[in-house]
Every structure is written in structure tokens, then in C-alpha cells.
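# Fold and contact review
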Amino acid sequence: EKGGYDYFMLKEIAEQPKAVADTLLGRIDAGGALLLDEVRIPAAELREVDKVVIVACGTAYHAGLIAKYAIEHWTRIPCETELASEFRYRDPILDHRTLVIAISQSGETMDTLMALRHAREQGARVLAICNTNGSTIPRESDAVLYTHAGPEVAVASTKAFLTQLVACYLVALYLGQVRGTKWGDEVRSVVHDLARIAREVEEVLETMEPVRELARSLADQNTVLFLGRHVGYPVALEGALKLKELAYMHAEGFAAGELKHGPIALIEKDVPVVVVVPSPRGRSVLHDKIVSNIQEIRARGARTIVIAERGDEAVRPYADHLVEIPVTPVLLQPLVATVPLQVFACELATARGNEVDQPRNLAKSVTVE
Ligand code: F6R
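Residues numbered from 1 in each chain as written. Predicted model: local features only at pLDDT ≥ 70, side-chain atom pairs only at ≥ 80, totals over all residues. Heavy atoms only, no water.

Naming follows an unreviewed UniProt entry, where the chain appears as Glutamine--fructose-6-phosphate aminotransferase [isomerizing] of Streptomyces mashuensis. Entered under Function (unreviewed entry) in the UniProt record, the comment concerning the chain runs "Catalyzes the first step in hexosamine metabolism, converting fructose-6P into glucosamine-6P using glutamine as a nitrogen source." (UniProt positions renumbered as here; feature names shortened; annotations may be inferred.)

All right, on to the sheet that holds strand S7 (residues 250–255) then. Reading across the sheet, the five strands line up as S7-S6-S8-S9-S10 and stay open at both edges, with parallel pairing between neighbours. Because the sheet does not close on itself, it has two edges, and the strands there are S7 and strand S10 (321–325). For this sheet, the mean angle separating the axes of adjacent strands, direction not counted, is 15°. Lying on the sheet, helix H12 (residues 284–299) is in contact with strand S6 (223–228), strand S8 (272–276) and strand S9 (303–309); it crosses S8 at an angle near 175°. (Pairing = 2+ DSSP bridges. Helix = DSSP H or I, 4+ residues; strand = E, 2+ residues; numbered from the N terminus. Axes fitted to C-alpha atoms, helices over the stretch in contact; angles between N-to-C directions. Contact = heavy atoms within 4.5 Å.)

Moving on to the state of the cysteines. For the structure on display, the rule yields zero disulfides. Its sulfur unpaired, Cys79 is 8.8 Å from the next cysteine sulfur, which belongs to Cys168. Here Cys79 falls in the buried class, since its relative accessible area comes to 3%. Here Cys130 stays free of any disulfide, with the sulfur of Cys168 as its closest cysteine sulfur at 12 Å. (Disulfide = S-S within 2.5 Å. Buried < 20%, exposed > 50% of the residue type's maximum accessible area, 1.4 Å probe, protein only.)

Ser104, Gln105, Ser106, Thr109 and Glu245 are the nearest of the 13 residues found near the ligand. Residue Ser106 places a side-chain N or O atom 2.7 Å away from an oxygen atom belonging to the ligand. Contact with the protein chains hides 89% of the accessible area of the ligand, taken as 410 Å² for the molecule alone. The residue inventory of the shell around the ligand, partitioned by class, reads four nonpolar, seven polar and two charged. (Near = heavy atom within 4 Å. Polar contact = N/O pair within 3.5 Å; in protein donor to acceptor, adjacent residues only side chain to side chain. Areas by Shrake-Rupley, 256 points an atom, 1.4 Å probe, with all protein chains shown as cover. Nonpolar A, V, L, I, M, F, W, Y, C, P; charged D, E, K, R; others polar.)

Turning next to the packing of helix H2 (residues 16–24) against helix H8 (residues 159–179). Their axes nearest at 9 Å, the elements H2 and H8 cross at an angle of 30°. By the criterion of interaxial angle, the relationship of H2 to H8 is roughly parallel. Classified by chirality, the crossing of H8 by H2 is right-handed. Along the contact surface, H2 presents Gln16, Ala19, Val20, Thr23 and Leu24, while H8 presents Lys159, Leu162, Thr163, Val166, Ala167 and Leu170. A breakdown of the residues in the contact of H2 with H8 according to their chemical character gives seven nonpolar, three polar and one charged. (Parallel < 35°, antiparallel > 145°, perpendicular 65-115°, else oblique. Left-handed = near helix turned anticlockwise from the far one by under 90°.)

Here the UniProt feature "active site" (unreviewed entry) sits at Lys364. Locating Lys364 in the fold gives a position in the segment after helix H13 (333–351). Judged by relative accessible area, which is 27%, Lys364 ranks as partly exposed. Of the polar contacts made by the side chain of Lys364, one reaches the side chain of Glu152; its length is 2.7 Å.

Right, let's get into the pattern of salt bridges. For the structure shown, the criterion picks out 27 salt bridges. With its nearest N and O atoms 3.9 Å apart, the salt bridge here joins Asp50 to Arg97. A residue pair is termed long-range when its members are at least 10 positions apart, and Asp50 in the loop between helix H3 (43–48) and strand S1 (51–56) and Arg97 in the loop between helix H5 (84–87) and strand S3 (98–104) qualify at 47 residues. What makes Arg97 partly exposed here is its relative accessible area of 33%. Put simply, Glu324 and Arg316 hold a salt bridge, and the shortest N to O gap is 3.3 Å. Here Arg316 falls in the partly exposed class, since its relative accessible area comes to 39%. When salt bridges that share partners are traced, they join Glu45, Arg120, Arg125 and Asp142 into one network. (Salt bridge = Lys/Arg side-chain N within 4 Å of Asp/Glu carboxyl O.)

A few words now on the pairing of strand S4 (residues 125–130). In terms of residue burial, S4 counts as a mostly covered element, since five of its six residues are buried. For the segment spanning S3, helix H6 (residues 110–121) and S4, crossover handedness is right-handed. Bridge count between S4 and strand S5 (residues 143–146): four bridges; the pairing is parallel. Paired with Ala128 across the two strands is Val144, which belongs to S5. (Right-handed = clockwise from strand over helix to strand, strands pointing away.)

And the structure:
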């Protein structure tokens, strides 16, 4: 049942290109238009939406953080992403023009369910992004967009995360399409690039041996830090979460711009720091800034593990380990940048003798608040 892999997690990491392709299947037509009639919220209502609020937990929350960048950029609708467990306790401002998106692999997470119930009581529309047919969260939502990752057995979420991202991009593009905002060449080219992304995830998977080797060499470390900016920041959070839950190591993700506001005090000799580098194209200001962050931490003795776009020569001199990922549009980079971090965490956990599929103290679906 593990298809020849030692762990379900390895199998599920390997299944990501298919999961991504399956989640896109039938949802984009040949002309690049989004076909999301299955989201049965009438277009007239979607045109009225004046705020999007995303609620989710854990890895799904990280997908939601990335979705915020895409939704605001492509639709110009204000969007906030909130931990489902915090949401209803702060008396959030919601009404019938609020679109709430609840993201959940299992569809049974109690915190997310309670958040969406609260949202509906306040009159908001709720769209679920879910991987489990007929589960409670989609049943209680106004609409659902299913991710097609297939069953995810390992407790640590991998393929579900990538498909949650794909679903979020589809929703963002669809909102843009329905509302006629930003529906120009940029969006068309993103749709085109989305169609190729499964192949790019595959390419990343084919080049992971050096990452595994690096992970094994770090098995005795106590701490690993992760830095990112823009959509790379939630990727850093996700890399740290994977390492915590699987390797039981102290791992923290930071927005690279926050370094000087505190976290840089943690940098000492030989601390491994994983840096997710934004594309040098597009928002190149961010790229320059992260290059100087890498220089700063390296000057303080950190061991830099740099995840950067292929052909990004500017980072090379400062990277103790360079992990190259394919060139993608800025907002889609998390689909390829997260994969090395999953492999890294899985291999480190194995090297430390941990149970990869069933980390201690964790359950696959958290049905208590
Ligand atoms: C991390 C992980 C958890 C889940 C979280 C939400 O690898 O698996 O953080 O992402 O418990 O679960 P779902 O998506 O089922 O609501």
C-alpha cells in the first residue's frame, strides 16, 4: 500500500505532480478561462464581495497565508488570513459581502469548523477548500472546491498542501475573472504557467538527493531557522512546521525583514538557516534585500541553505548549500519552493530515528478544539 516507499510520507511527496495536475484538471479551458461552475456561489454575489477572510489551521493556514498575496494582487479585494482557533474569539467583522474561505484537508478539523459556523451565523458566505468528499466542513459550507490530492495518510501534510495552493490560486483567478479585475496579460500568463507547474514539481523531485544528504548531515543540530519574504515567508513557516513535527527539532520561520528586529540575535556560528529567495525577476527589490539578509547572517557564522531560482547568480557566493528550483511566476513559487523543505524534514526525521508517518503526540485529524 506504500507503493514501494518506506513511508506514506515519501509516497505522498512523490505523488505531488499528479495531485497538482488532478486538482487543475477540467478547471481551465483551452482559452485560459477558469471553469469553476462547481463553486455554486452566483457570479452576482461574487461581484459583491468586499472582503475575503481565510480560516484554517497548521499547514492549511500556511496555504491561506500564501493565498492572501494572490487574492489581493489579482482581485484587489482586501483579504486576511487567520488561524481558525483564534477567529471567533475576537468578534470578527463579517457580513453578507464577506467571503470566508475555510481550508482543510480532512474536512473535520474542529477549530476550522467552529470558525466557519461562526462566519455563517454572521451572514458571511463560506467556501470550503477540502480534500475529503462529504466531510463535515464542506457539508456545512455554502460551496466547496475539492482538492484532488487523493487520500493523505501520513500525519504531516504534503500533497494536500500543494493542492490547497492550487485551489487557492484557482479561486483567486476565478474571482478576478468574474469581477473583471486585473484580467489581463499577467493573469493569462499565470494560467498558462499553472498548467506547466506539475512538470516543474516533478523536476524538483528529481533533484533532491543533495537535499537528503544535507539533511542527514544535520541530524545532530538542535535548531534550524527559516527565512523568507513575500510568499516565501509562509513557505519558511511551513518548512519550520514540518521540521518541528517530524524531526522534533527547534525550528522557526521568520519574515526576513524582521531579522533586525530581534531574531538576528539567534544567529551564531554554524546555525543552519534556510533562506527562501524570491525571484530576481518581478519584485527584484525583495530579491536584493534578501541577498543582503543572507550576507548579514553569513557574516555572523550561519550556515546558509539557500533555495533560489535556477540562474540566480547573485545568491551563489553566499550560499553554503544552494538548492535550485525552476523559474515560475512570483506568486506560484511556493509550489516548487516547499518541496525541498518537505524532503529535508522527512530525511532529517529518518536520520534521527523518528517515526515519519506517525509523529509523537499528533493526530491526522484534530476533531477537538
Ligand atoms: C501539518 C499538519 C497539520 C494540519 C492541520 C489542519 O503537517 O498536517 O498542521 O495541516 O491540523 O488539518 P486539516 O487540513 O485537515 O484541517
